[in-house]
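# Residue-level structure breakdown
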Amino acid sequence: MTLYVVLEGIIAFFLVAGGVFAFIGSLGLAHLRDFYMRLHGTTKATTLGIGCMLTASMLYFWVIEGKPDIQEVLITLFLFITAPVSAHLLAKTGLHLQLRHIDKTGGSPPELRAEEIGKRPIPHRDHGHG
Amino acid sequence: MLDIALKISLALMILALLLNVYRLTVGPDLPDRLLALDTMYVNSIALIVLMGLWLNTKTYFESALLIALLGFISTVAVCKYLLRGDIIE
């Protein structure tokens, strides 16, 4: 009896945590000012939220039916693999289209700084080709 | 307890989807709208999972898996189109 109450509490915690994380991610998507900041907010928080929610569903059906099921684990694994890939492609698209951004975001391709390459370019070593 | 948690979670997911629709309509550039669509399919998977918990059935999880697959592929396809001007080169 007590075990089921504890399990119900765990499932309820995972459900509410998933909802809160997904809501925070979408709030960041609606609220932040810059494409790259929006990407940052929604990619991490929403993925974590859906992971919590699928964990809650897996625990619930495990308790109800008495045996674990692979289906939710499959959805979670697939989302956790594909979310960074799509975020990377979206960031590349934003860089390619040269979207407007605030100065602190730094949404431009990384370049070598002046102190990394010295005052003048280092010449290639002569291997004696003539 | 589970009933209340389910209702809170449903309300939060619906609010999240409304915020995504706001960004989808307002979004100044094309990648913003694409990002809003990408977030919307993830949130719709959460909504399907919540429906499965509410109706106490596991029938709809296959559709959740299908949405995850096709959403990722469509995001990649539109990104490739915006990047290269062509999907399959």
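Computed from a predicted structure; not experimentally measured.

So, about the overall build of chain B. Per the secondary structure count, chain B includes three helices and zero strands. The helix and strand sequence of chain B, counted from the amino end, reads α-α-α. Rg of the C-alpha trace for chain B: 16 Å, well past the compact-globule value of 12 Å for 89 residues, more than 25% over. Seen along its three principal axes, the alpha-carbon backbone of chain B occupies a region of about 50 × 30 × 15 Å. Pairs at least 24 residues apart make up 39% of the contacts formed inside chain B by residues separated by at least 6 positions.

With that out of the way, let us pick up the interface of chain A and chain B. The interface of chain A with chain B comprises 44 residues on the first partner and 40 residues on the second. Breaking the side of chain A that touches chain B down by element, the ones donating at least two residues are α1 (2–31), α2 (35–65) and α3 (71–97) of chain A. Among the elements that take part in the side of chain A that touches chain B, α1(A) stands out by supplying 16 residues, more than any other. Considering only residue class, the side of chain A that touches chain B consists of 25 nonpolar, 15 polar and four charged.

This paragraph deals with the packing of α1(A) against helix α2 (residues 30–55) of chain B. Two packed helices can be described by the angle between their axes and the distance between those axes. The geometry of α1(A) relative to α2(B) is characterised by a closest axis approach of 11 Å and an angle of 165° between their N-to-C directions. Taken together, α1(A) and α2(B) sit at an angle that is classed as roughly antiparallel. Between α1(A) and α2(B) lies a crossing of left-handed hand. Of α2(B), the residues touching α1(A) (which contributes A:G18, A:A22, A:G25, A:S26 and A:L29) are B:L35, B:A36, B:T39, B:N43 and B:A46. Residues belonging to the contact of α1(A) with α2(B) are distributed by class as follows: five nonpolar, five polar and no charged.

Our focus in this paragraph is the confidence of the model for chain A. When the pLDDT values of chain A are averaged, the result is 82; 79% of them are 70 or greater. Looking over chain A, one finds the lowest element-wise mean pLDDT in helix α4 (residues 114–117) of chain A, namely 62, and the highest in α1(A), namely 90.

What counts and how
- Residues numbered from 1 in each chain as written.
- Chains lettered and ligands numbered in written order.
- Predicted model: local features only at pLDDT ≥ 70, side-chain atom pairs only at ≥ 80, totals over all residues.
- Helix = DSSP H or I, 4+ residues; strand = E, 2+ residues; numbered from the N terminus.
- Rg over C-alpha atoms; globule rule 2.2 N^0.38 Å.
- Contact = placed C-beta atoms within 7 Å.
- Nonpolar A, V, L, I, M, F, W, Y, C, P; charged D, E, K, R; others polar.
- Axes fitted to C-alpha atoms, helices over the stretch in contact; angles between N-to-C directions.
- Parallel < 35°, antiparallel > 145°, perpendicular 65-115°, else oblique.
- Left-handed = near helix turned anticlockwise from the far one by under 90°.
- pLDDT = per-residue confidence, 0-100.

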